[in-house]
Amino acid sequence: MGTLQTLTVHEIAEGLEQKTFSAREVLQDCLEQSKKIDPSLHAYMELLEEQAAAQAEAADERRARKAVLSSLDGVPIAVKDNFCMQDVRTTASSRMLDNYYPPYDATVVRLLREAGAVFIGKTNMDAFAHGSSTETSDFFTTSNPWDIGRLPGGSSGGSAAAVAADMTIGSIGSETAGSIRQPASWSGVTGLKPTYGRVSRYGLISMCSSTDSPGPITKDVRDSALILDILAGQDPHDSTTSPQPKGDYLACLGKPIKGVKIGLPKEYFVDEIEAGVKDAIMQAVATFKKLGAEIVEISLLDPKYSIAVYTIVQRSEVSSNLARLDGNRFGHKRTDFGDEAKNRVMLGTYTLSAGYYDAYYKKAQQVRTLIVDDFNQAFKTVDVIIAPTSPVVALPKGASEETAIFGELMDVLVEPSSMAGLPGLNVPCGFSKPKNGSVAMPVGMQIMGPQFSEELILQVGYAFEQATDWHTKKPQLSQE
Amino acid sequence: MADRLTTEDVARIARLAAMQLTAAEVKKFQGWLTEAIDYIEVLQELDTAGVIVTSQVTGLVNLWRQDQTQSSLTQKQALQNAPATYKGYFKVEAVFDRSEG
């Protein structure tokens with residue numbers, strides 16, 4: 001069996017360029033790995049073997065006639081199952097949509113297709129992205145590649161696990177409040193949630209329209225930059241995409257970070273944070289100091305308020321977005337919604353209903369203003385902010401059933417920046433052995449910046465990654 | 001707050017949300033919704049008098065495009081996922097019941 005599946009996007013691009021191997025060989029190694037490993041991980045909703053083979057062949061032909069489309073041409077990419085892909089079943093891991101074949105491509109899918117990417121498969125997620133574990137997928141739970149008794153995080157858990165287990169070269173996720181960063185953290189990979197409006201939501205099955213942000217999950221920072229470069233930009237099909245020109249996400253990599261002011265918010269290091277997580281972040285702080293960055297302790301609004309704001313805003317928007325699922329034009333009838341979707345729609349209906357709107361929805365939108373102002377204030381004194389991505393390492397399966405707001409509690413440290421529309425990058429920064437576990441699990445650090453500061457957070461993340469080797473660690477995979 | 005959400009309230013919310021729930025489901029969601037509502041009460045700790053609301057974070061307002069015809073889905077594509085069609089239309093169940101009127 002080959003080993004091309006272990007390479008990064010930029011390594012594959014280089015090898016294809018130098019004709020060390022072909023796109024077909026890369027795909028073959030990824031498929032072999034997937035068939036061997038996925039029966040115990042369940043990261044994929046579906047492997048798109050036939051189509052991917054045709055796409056890889058087309059990529060090789062383009063290369064032969066020197067008509068390469070981009071650095072992603074011929075590179076296998078897995079796509080979260082909430083992105084519409086023309087005539088490929090797209091379910092958002094919900095029974096409700098188990099018979100849905102979109103007649104069009106999401107903009108993210110179209111851009112990747114035009115760049116020559118090979119779509120290796122659709123990945124599992126919490127149904128409609130309502131969760132942080134993949135346990136609320138209506139089909140099955142994805143396992144964490146580092147310990148199959150544990151969760152990969154979510155909602156983009158399948159995309160994160162597929163990358164961590166080398167079943168694809170890169171993947172696409174979407175984040176509403178943590179759904180890229182948190183699974184990347186729990187699965188030990190890199191994940192970039194761009195600024196709200198940097199990447200088009202057109203064709204992404206809507207969850208929380210005022211925060212949904214598609215983004216890459218990859219093996220290193222350069223790969224995330226490469227994929228963002230393909231995805232970023234204004235889209236006439238999504239009027240919330242920004243007219244701001246995109247950055248040069250590759251030129252910023254490798255620039256020194258001497259003198260960069262990094263904020264350390266004390267409210268993000270509370271008692272609920274696992275000791276091993278805190279230790280790993282403090283080691284990262286020492287690394288940043290060595291690289292010449294200036295560490296500044298700052299104070300932010302207690303993240304507990306963001307949980308409440310997010311819960312209200314997200315449920316309200318979900319109740320509106322899922323109202324379109326009536327079973328008349330596509331999908332099944334509303335009785336086929338899973339419990340989590342029903343629960344969220346009803347809470348949102350309540351917080352938007354007459355008599356409760358002011359107390360809940362309006363109040364939440366006001367506190368959202370306070371969160372935005374709070375970050376703006378902080379960015380007057382620091383350039384970026386770092387914190388743990390998750391208060392804990394990956395939890396055992398079953399954990400999400402303990403509370404009705406499990407996802408919100410797991411995402412406490414990513415919700416504030418999501419509500420403010422800020423970009424955030426998760427990078428692996430160490431390992432911590434959970435109390436009841438036998439394997440040390442990955443710890444993730446998030447780097448947040450002001451809106452449209454993707455270049456800066458990529459620069460800081462890349463500098464950290466180059467000074468450490470956490471991103472090169474691979475899980476010991478077992479096959480069933 | 002907890003006792004304000006009765007099973008009747010849950011049934012009313014379900015009706016507003018076009019969800020048909022069994023009695024057992026009403027009971028289950030009463031517990032879940034109460035837990036979530038108890039949690040979101042934390043916002044009342046913050047003073048928001050005079051604070052404007054934020055619904056769009058990047059500050060975009062009033063975006064326009066040229067009023068030009070564009071290509072769209074074909075009728076066949078638009079109907080390809082419909083469970084029932086009639087002469088090129090979506091076939092849906094009656095929304096209003098004459099006997100109620």
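Here, residues in each chain are numbered from 1, in the same order as that chain's written sequence. Working convention: letters from A go to chains and numbers from 1 go to ligands, in the order in which they are written. The predicted origin of the model limits local features to residues at a pLDDT of at least 70 and limits the giving and counting of side-chain atom pairs to 80 or more, whereas totals for whole chains, interfaces and linings rest on all residues. Only hydrogens and water are removed before side-chain values are computed, so all heavy atoms of the structure are retained for them.

*Asks:* Can you walk me through the overall build of chain B in this structure?
*Replies:* Along the backbone of chain B there are three helices and two strands. Secondary structure follows DSSP: runs of H or I at least 4 residues long count as helices, runs of E at least 2 residues long count as strands, and numbering of each begins at the N terminus. Secondary structure of chain B in N-to-C order comes out as α-α-α-β-β. Only C-alpha atoms enter the radius of gyration, while the globule expectation follows 2.2 Å times N to the 0.38, with N the number of residues. By the compact-globule yardstick of 13 Å for 101 residues, chain B is too spread out, its C-alpha radius of gyration being 23 Å. Taken along its principal axes, the extent of the C-alpha atoms in chain B is 55 × 45 × 30 Å. Counting only residues that meet the buried cut, chain B has 28% of its 101 residues in that class. Any two residues having at least one pair of non-hydrogen atoms within 4.5 Å are treated as being in contact. A separation of at least 24 residues holds for 32% of the contacts in chain B among residues at least 6 apart in sequence. Surface exposure here means Shrake-Rupley accessible area, sampled with a 1.4 Å probe, where a residue is shielded only by the protein chains that are shown. Of the roughly 7,800 Å² of accessible surface on chain B, 52% is carried by carbon and sulfur atoms. We count Lys and Arg on the positive side and Asp and Glu on the negative side, and we leave His and both chain ends out. For charged residues, the charge sits on one atom: NZ in Lys, CZ in Arg, CG in Asp, CD in Glu. Computed over 10 positive and 13 negative side-chain charges, the separation of the two mean positions in chain B equals 16 Å. The rule is simple: take the accessible area with a 1.4 Å probe, protein chains only, and divide by the maximum for that residue type; under 20% is buried, over 50% is exposed, in between is partly exposed.

*Asks:* Is there a simple way to think about the pairing of strand 3 (residues 118-123) of chain A in this case?
*Replies:* Remember that side chains alternate between the two faces of the sheet whenever the strand is regular. All names here are of chain A. For strand 3, a buried count of six out of six residues is recorded, marking the element as mostly surrounded by other parts of the structure. When DSSP finds two or more bridges between two strands, those strands count as paired. In terms of strand pairing, strand 1 (residues 44-47) meets strand 3 through three bridges, oriented antiparallel. Within strand 3, the residue paired with L47 across the bridge is G121. The sheet contact formed by strand 2 (residues 76-80) and strand 3 spans five bridges and is parallel. Counterpart to K80 in the pairing with strand 3 is T123.

*Asks:* Quick question: what am I supposed to make of the packing of aromatic side chains here?
*Replies:* Aromatic ring pairs are described here by two measures, namely the spacing of the ring centres and the angle between the planes. Only rings of Phe, Tyr and Trp enter the pairing, Trp through its six-membered ring, and a pair is recorded when the two centres are within 6.5 Å. The plane angle decides the type: under 30 degrees is stacked, over 60 is edge-to-face, the rest tilted. Within the structure shown, the criterion is met by 12 aromatic pairs over all chains. Following the ring pairs from residue to residue traces out a cluster consisting of W146(A), F431(A) and W470(A). A ring is scored as having a charge over it whenever the NZ atom of a lysine or the CZ atom of an arginine sits within 6 Å of its centre and within 35 degrees of its normal. The side chain of K28(B) reaches across the aromatic face of F29(B), ending 5.7 Å from its centre.

*Asks:* Help me out: how do you make sense of the environment of P475(A) in this one?
*Replies:* Here P475(A) is to be found in the segment after helix 14 (454-467). Each residue touching P475(A), except ones within four places of it in the same chain, is listed here: P145(A), W146(A) and A164(A).

*Asks:* Just to check I follow, could you spell out helix 10 (residues 339-352) of chain A for this structure?
*Replies:* One turn of an α-helix holds 3.6 residues; hence residues three or four places apart share an orientation. Helices are assigned an expected span. That span is 1.5 Å times one less than the residue count. If you check helix 10 of chain A, its first and last C-alpha atoms are 20 Å apart, about what 14 residues at 1.5 Å a residue would give, namely 20 Å. In terms of residue burial, helix 10 of chain A counts as a mostly covered element, since 12 of its 14 residues are buried. Those residues of helix 10 of chain A that fall on the buried side of the exposure criterion are E340(A), A341(A), K342(A), N343(A), R344(A), V345(A), M346(A), L347(A), G348(A), T349(A), Y350(A) and T351(A). Tucked inside the fold, the buried residues of helix 10 of chain A contact helix 9 (303-321), helix 11 (358-378) and helix 12 (406-410) of chain A together with helix 1 (7-16) and helix 2 (23-40) of chain B.

*Asks:* Looking at this structure, how should I read helix 4 (residues 107-114) of chain A?
*Replies:* Buried within helix 4 of chain A are the following residues: T107(A), V108(A), V109(A), L111(A) and L112(A). If you follow the buried residues of helix 4 of chain A, they end up packed against strand 2, strand 3, strand 4 (170-175), strand 6 (213-218) and helix 7 (221-231) of chain A.

*Asks:* I tried to follow the nonpolar core on my own but got confused; where do I start?
*Replies:* If you look at soluble globular proteins, the nonpolar side chains tend to sit buried side by side. As used here, the term nonpolar core means buried Ala, Val, Leu, Ile, Met, Phe, Trp, Tyr and Cys residues forming a set that is joined through side-chain atoms within 4.5 Å. If you look at the biggest cluster of nonpolar residues, it comprises 170 residues, and the most contacted ones within it are L112(A), F128(A) and L458(A). Here F128(A) is in contact with A92(A), S94(A), M96(A), L97(A), I205(A), M207(A), L322(A), L325(A), F337(A) and A341(A), once residues within four sequence places are set aside.

*Asks:* Just to check I follow, could you spell out unusual backbone geometry for this structure?
*Replies:* The phi torsion of most residues other than glycine is negative, and most of the peptide bonds are trans. Residue and element names in this part refer to chain A. Backbone torsion omega between G154 and S155 reads 10°, so that peptide bond is classified as cis. Structurally, the position occupied by S155 is in the loop between strand 3 and helix 5 (157-164). Backbone geometry at F128 places phi at a positive 60°, although glycine is not the residue there. Within the fold, F128 resides in the loop between strand 3 and helix 5. With a relative accessible area of 5%, F128 lands in the buried category. Phi angles above zero are rare outside glycine, and F452 is one such case at about 60°. Residue placement: F452 occurs in the loop between strand 11 (441-448) and helix 14. F452 gets classed as buried once you look at its relative accessible area, which sits at 18%.

Honestly, it's all geometry; don't read function into it.
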